[in-house]
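Structural features, examined
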Amino acid sequence: MAKKILLADDDLAILDATKMLLELEGYEVQTTAEGVTVKEMIEQLPDLLLLDIWMSGQDGKKICKKLKANKSTKHIPIVMISASRDVEDSARAAGADAFMTKPFEMNDLLARVKEYAL
Amino acid sequence: MSINKIEPKLLNVQRSAAFLGVNPATIRKWAKTNQLNGVKIGSRGDWRFTREALSKLTSNPSIKEEQKKFTKIKQLLKANEIAIQTSATSQHTHLIGGDSLPKEHVTKYRKIHTKMIRAIANNLDDFEKGTKIFQDLGIEVATDANKDGLTIEEAVDGTIFLKQAIWKKLEETGLLKGLSTQDLFEFSQIIGSYCDILSSKIAFTYHNLFMEEITSSEKRFRVLTEKNADAIALVDRKGKVLHASESTKKVMGYTPEEFKKLSNPFELVPPNERKLVTKLFEKLLKKPGSVERTKYQIMHKGGYAIWVESVMSNLLEDPDVKAIVINYSDITARKESDEKVRKSEERFRALVNATSEVVYRMSPDWKEMQELRGKNFLIDTEEPITNWLEKYTHPDDKLQVKEAIKKSIRTKSFFQLEYKIKQVDGTYGWIFSRAIPILDKKGKIIEWFGAASDITKQKELEQQKDSFLGIVSHELKTPVTSIKTYGQVLEKIFQSKGDVKAAEMLSKMDTQINRLNDLIADLLDVTKINSGQLQFHEDYFDFNELVNERVEEMQRLSEKHKIIVVLTSMKKVYGDRERLGQVLTNFITNAIKYSPNGKKIIVSTFSKGKVTTLSVQDFGLGIAKENIDQVFEQFFRVDGPTSETFPGLGLGLYISSEIVKREVGKIWVESVKGEGSTFSFSIPIKKAIHA
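The present account deals with the structure reproduced in this document. Sequence order as written defines the numbering, with residues in each chain counted from 1. A letter from A marks each chain and a number from 1 marks each ligand, given out in the order of writing. Only residues with pLDDT of at least 70 are given local features in this predicted model, and only at 80 or more are side-chain atom pairs given and counted; all residues enter the totals for whole chains, interfaces and linings. To get the side-chain values, all heavy atoms of the structure are used, and hydrogens and water are removed first.

1. What to know about the overall build of chain A
Rules: By definition, any uninterrupted DSSP run of H or I lasting at least four residues is a helix, any uninterrupted run of E lasting at least two residues is a strand, and each is numbered from the N terminus. For each residue, the accessible area found with a 1.4 Å probe, counting protein chains only, is set against the maximum for its type, and the residue is called buried under 20%, exposed over 50%, and partly exposed in between. Every residue pair with non-hydrogen atoms within 4.5 Å of one another is taken to be in contact. Only the protein chains shown count as covering a residue, and every accessible area follows the Shrake-Rupley method with a 1.4 Å probe.
Regarding its fold elements, chain A presents five helices and seven strands. Counted from the first residue to the last, chain A has its helices and strands arranged as β-α-β-α-β-β-β-α-β-α-β-α. Counting over 118 residues, chain A shows a buried share of 47%. Partitioning the intrachain contacts of chain A with sequence separation of at least 6 by distance along the chain shows that 60% fall at a separation of at least 24. When the accessible surface of chain A is split by element, carbon and sulfur atoms take 49% of a total near 5700 Å².

Right, dumping it as structure tokens:
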């Protein structure tokens, strides 16, 4: 069965392009530009969450912390993405399993997804 | 000059002492023990003696010893290079043949004064020597003040004690009578450290004065008029010149004979001032024994005006003189220099007021603000305020300011700093402050003179610019990310369809997108460097592995150049792998860019001692000698041989050098124009303590 990936970013073009890329590799991709709640995660239970740090109106790090603090969602791997490398430390401190900078190389992204999608 | 002070009939203690060349204390002792006949006069019972009585004493067997003592004091004075006049007795200066201006003596005293105070406070040897002089003068010295092993504080206390004792003594002798407030003030200032010398000095002056007095009146006049640098004229009550000194020629250009031919000396005074002077003369005539002192201009025979200080003494009733004595002292030079000082001071004040800069004066240790013109930016300081910096500097900047000042004081060099400071309205603004130390002849800092400008607006704009650039580059990255991803997806699709040509084009497009991204990253880095926010993620990593990785990447981009790798560094190093990789990539990018015809690039590493060094050598254009110092500066770009410019923002090497600096490393370049360049950096292998 295809692995389920949830993609969260406030830029629609990035969501669209990344979705295409991952689907081309055979993943099942859900996207959101609104941020992610614990409730949604429990409903969808993806195999991996690709989470942008700078979501408009929402701090990706806070979302990450919340998910990692909840019993039902803490097992889901989270790869955080940001345009700035400077936030890597705080992303990891928030519980992210991996960190990537934008723009990313296709091969790097696929390697990460393969590594972390359970 | 004031001959009127001479009272030939009865002499008081001081004058008698001077007459015999002994101490006043000795005179009193003799009077009390009836060895000397005298009378007590006035409510205070001051002693007066006749010359006859005093002359009798010359046969007294003890006088030789007393005179010897006094001579010894004089020698002591001479050894100390103490002038024999004080400002208080400067009017007698000329009588004893001194040529210098009293002003110079005053300056000299101040110097000796400080020197001696220091000696008393710091050196007990000198202190004891000083005490000895007191004792020789017959002035009691508090014995506990010259004990061995006194602390500096105790010694200073001792001088205060002595000062009081000596002051009292001086009052008793009546020497302070008739002195002006200023004279008394100067006395009180110098008395603490050497009023012993002072009192003997006065006695000595009187002694000399009376030595002159006992000679014939003709001789007196000769002494008066010939030894003197001042011009002296004796006139009758109508102003007719009876006698003029030789020095009239020197002071006003007229020989004594020419001077005598004037109907009166006031002819030489310019008409507008003449009335004032003649009025003064009339006033003088009314009161025998009185003195009038004034400053005015007189016309030199050469046709120009000179400034004189004139002292007129009414000695018409003095049986030896029977004339008005006018003493002219040429003060033109003093006047001119005073005027010069005043003008330059005025000009300076005008400058201070005209400039928009804040201007200030600080004490040598920066503890006290002496004066500050705030120009509506900072609060004015009219009276000195202590701890000014502590009060007005922003808490975040205090340490930085303190360090900078400490360094400037230590090196006695220019102070220059930008920091936040409390403004007139109580909010904090930015100031750019510069100050220079004013040094005395010995190189000691007297004060700091500074100017400061309000750079609040500038700083705000700078911060706005930085944050704007930060937002811009971040926003640019978002579309770059989606374009790059779309391109990669497309490339993958074409590849799977077997359209190699289209896939290749998309791969090339990706390379260009990466270039665009690098430019954006550089821009972001520079704003971070400028605002001090460039972050580092440091750890130990395999240096050679990083080099291989980056070289491989770069080799893929340029097939024209062969990148040769010579790796001898075997160790792991400590630092930010990503950032150091950025420097290496930058070096190689430049090597490729600036060697359009070059075939090879050599990348080498080696470790020696505590550092690992990396070098990138190209065989391209090289850098001209005059430009070599600029290559690591912001926005510097090299022109090609045909003046073509190379693409780039001119930020790469600037960012590289900032990165290496932050990693406590060194960065440098060796280059020969036309032959190529070698860029290198070295970093500590072990974790270094960041500066």
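Moving on from the model shown.
2. What to know about the packing of aromatic side chains
Residues and elements named next belong to chain B. Selection rule: Classification of ring pairs rests on two measures: the distance between centres of Phe, Tyr or Trp rings, Trp counted by its six-membered ring, which must be within 6.5 Å, and the angle between planes, read as stacked under 30 degrees, edge-to-face over 60 and tilted in between. A positively charged side chain is recorded as over a ring if its NZ (Lys) or CZ (Arg) lies within 6 Å of the ring centre. The angle to the ring normal must also be within 35 degrees.
Enumeration over the complete set of coordinates arrives at 12 aromatic pairs over all chains. Ring centres of Trp 388 and Tyr 392 lie 4.9 Å apart, and the angle between their planes is 35 degrees; on these two criteria the pair is classed as tilted. Pair noted here: Trp 388 and Tyr 392 are both in helix α14 (residues 388-392), with a separation of four residues, about one helical turn. Across the pair, Tyr 392 and Trp 388 agree in class, each one buried. Ring geometry for Phe 541 versus Phe 543: centroids 6.3 Å apart, planes at 45 degrees, classification tilted. Taken together through their ring pairs, the aromatic side chains of Phe 541, Phe 543, Phe 587, Phe 632, Phe 679 and Phe 681 make up a single cluster. Over the ring of Trp 307 we find Lys 335; its NZ or CZ atom is 4.2 Å from the centre of that ring. Lying over the aromatic face of Trp 430, Lys 459 brings its terminal NZ or CZ to 4.5 Å of the ring centre.

3. Examining the pattern of salt bridges
Heads up, the condition is: Each reported salt bridge corresponds to a side-chain nitrogen of Lys or Arg within 4 Å of a carboxyl oxygen of Asp or Glu.
Summed over the entire model, instances satisfying the criterion amount to 29 salt bridges over all chains. In this structure, Lys 492 of chain B and Glu 25 of chain A form a salt bridge, with 2.8 Å as the shortest nitrogen-oxygen distance. Of this pair, Lys 492 of chain B sits in helix α16 (residues 456-497) while Glu 25 of chain A is found in the loop between α1 (12-24) and β2 (28-32), placing the two residues in two different chains. Given a relative accessible area of 23%, Lys 492 of chain B falls into the partly exposed group. Close ionic contact of Glu 578 of chain B with Arg 550 of chain B constitutes a salt bridge, the shortest N to O distance being 3.5 Å. Within this pair, whereas Glu 578 of chain B is found in helix α19 (residues 577-593), its partner Arg 550 of chain B is found in helix α18 (residues 543-557), the two being separated by 28 residues in sequence. Taking the relative accessible area as the measure of exposure, Glu 578 of chain B reaches 39% and is therefore partly exposed. Three or more residues joined by partner-sharing salt bridges are found here, namely Arg 349, Arg 361, Glu 371, Arg 373 and Glu 447 of chain B.

4. Regarding the interface of chain B and chain A
This is how it is decided: Buried area: the accessible surface (1.4 Å probe) lost by two parts on joining, summed over both. Between N or O atoms, a polar contact is any pair within 3.5 Å; within protein, one atom must be a potential hydrogen donor and the other a potential acceptor, and residues adjacent in sequence are included only when both atoms are from side chains. Residues are grouped as follows: Ala, Val, Leu, Ile, Met, Phe, Trp, Tyr, Cys and Pro are nonpolar; Asp, Glu, Lys and Arg are charged; every other residue, Gly included, is polar.
The interface is formed by 24 residues belonging to chain B together with 21 residues belonging to chain A. Summed over both sides, the interface between chain B and chain A buries roughly 2200 Å², with carbon and sulfur atoms accounting for 61% of that surface. Where chain B meets chain A, there are three salt bridges. Between Asp 576 of chain B and Arg 85 of chain A there is a salt bridge, with the nearest N and O atoms lying 3.2 Å from each other. Counting the contacts that link chain B with chain A gives nine residue pairs in polar contact (both at pLDDT 80 or more). Among the elements of the structure, α16, α17 (500-530) and α19 of chain B are those that each provide at least two residues to the side of chain B that touches chain A. Sorting elements by how many residues they give to the side of chain B that touches chain A places α16 of chain B first, with 14 residues. Partitioned by chemical class, the residues of the side of chain B that touches chain A number four nonpolar, 11 polar and nine charged.

5. Section: α19 of chain B
For an α-helix, 3.6 residues make a turn, and residues three or four places apart therefore share a direction. Residue and element names in this part refer to chain B. What counts here: Helices are assigned an expected span. That span is 1.5 Å times one less than the residue count.
Here α19 is 17 residues long and its end C-alpha atoms lie 24 Å apart, about the 24 Å a rise of 1.5 Å per residue gives. Where burial is concerned, most of α19 is hidden: 12 out of the 17 residues are buried. Those residues of α19 not exposed but buried are Arg 579, Leu 580, Gly 581, Val 583, Leu 584, Thr 585, Asn 586, Phe 587, Ile 588, Asn 590, Ala 591 and Ile 592. Measuring from the side-chain oxygen of the N-cap residue of α19 to the backbone nitrogen of Glu 578 gives 3.1 Å; that N-cap residue is Asp 576.

6. Looking at α18 of chain B
Residue and element names in this part refer to chain B. Rules: The arc in question is formed by the directions pointing from the helix axis toward the C-beta atoms.
Taking 1.5 Å per residue as the helical rise, α18 with its 15 residues ought to reach 21 Å, and the 22 Å between its terminal C-alpha atoms agrees with that figure. Turning to α18, its buried residues are Phe 543, Asn 544, Leu 546, Val 547, Arg 550, Val 551 and Met 554. Along the axis of α18, the buried positions cluster into a sector of 150 degrees, meaning they face one direction only. For α18, the exposed residues lying more than 90 degrees away from the buried face are Glu 552 and Arg 556.

7. Considerations on the sheet that holds strand β20 (residues 666-672) of chain B
All names here are of chain B. What counts here: Strands qualify as paired when DSSP identifies two bridges or more between them. Helix axes are fitted only over the stretch in contact, all axes being lines through C-alpha atoms; the angle between N-to-C directions runs from 0 to 180 degrees.
What the five strands build is an open sheet, ordered β16-β18-β19-β21-β20; its pairing is mixed. Edge positions in the sheet fall to β16 (562-567) and β20, since each of these pairs with one other strand and no more. Averaged over all pairs of adjacent strands, the angle between their axes in this sheet comes to 15 degrees, without regard to strand direction. Taken strand by strand, α18 contacts β16, β18 (600-608), β19 (611-617) and β21 (676-684), and its axis lies near 175 degrees from that of β16.

8. Topic: the sheet that holds strand β10 (residues 368-373) of chain B
All names here are of chain B. Pairing is antiparallel in the open sheet, where six strands are placed in the order β11-β10-β9-β14-β13-β12. Each of the sheet's edge strands pairs with one partner strand only, and the pair in question is β11 (385-386) and β12 (415-422). Pairing analysis gives four bridges linking strand β9 (residues 358-362) to β10, with the strands arranged antiparallel. Each residue of the ladder has a partner; that of Val 359, found in β10, is Arg 373. Against the sheet, helix α13 (residues 332-354) touches β9, β10 and β14 (445-454), its axis set at about 75 degrees to β10.

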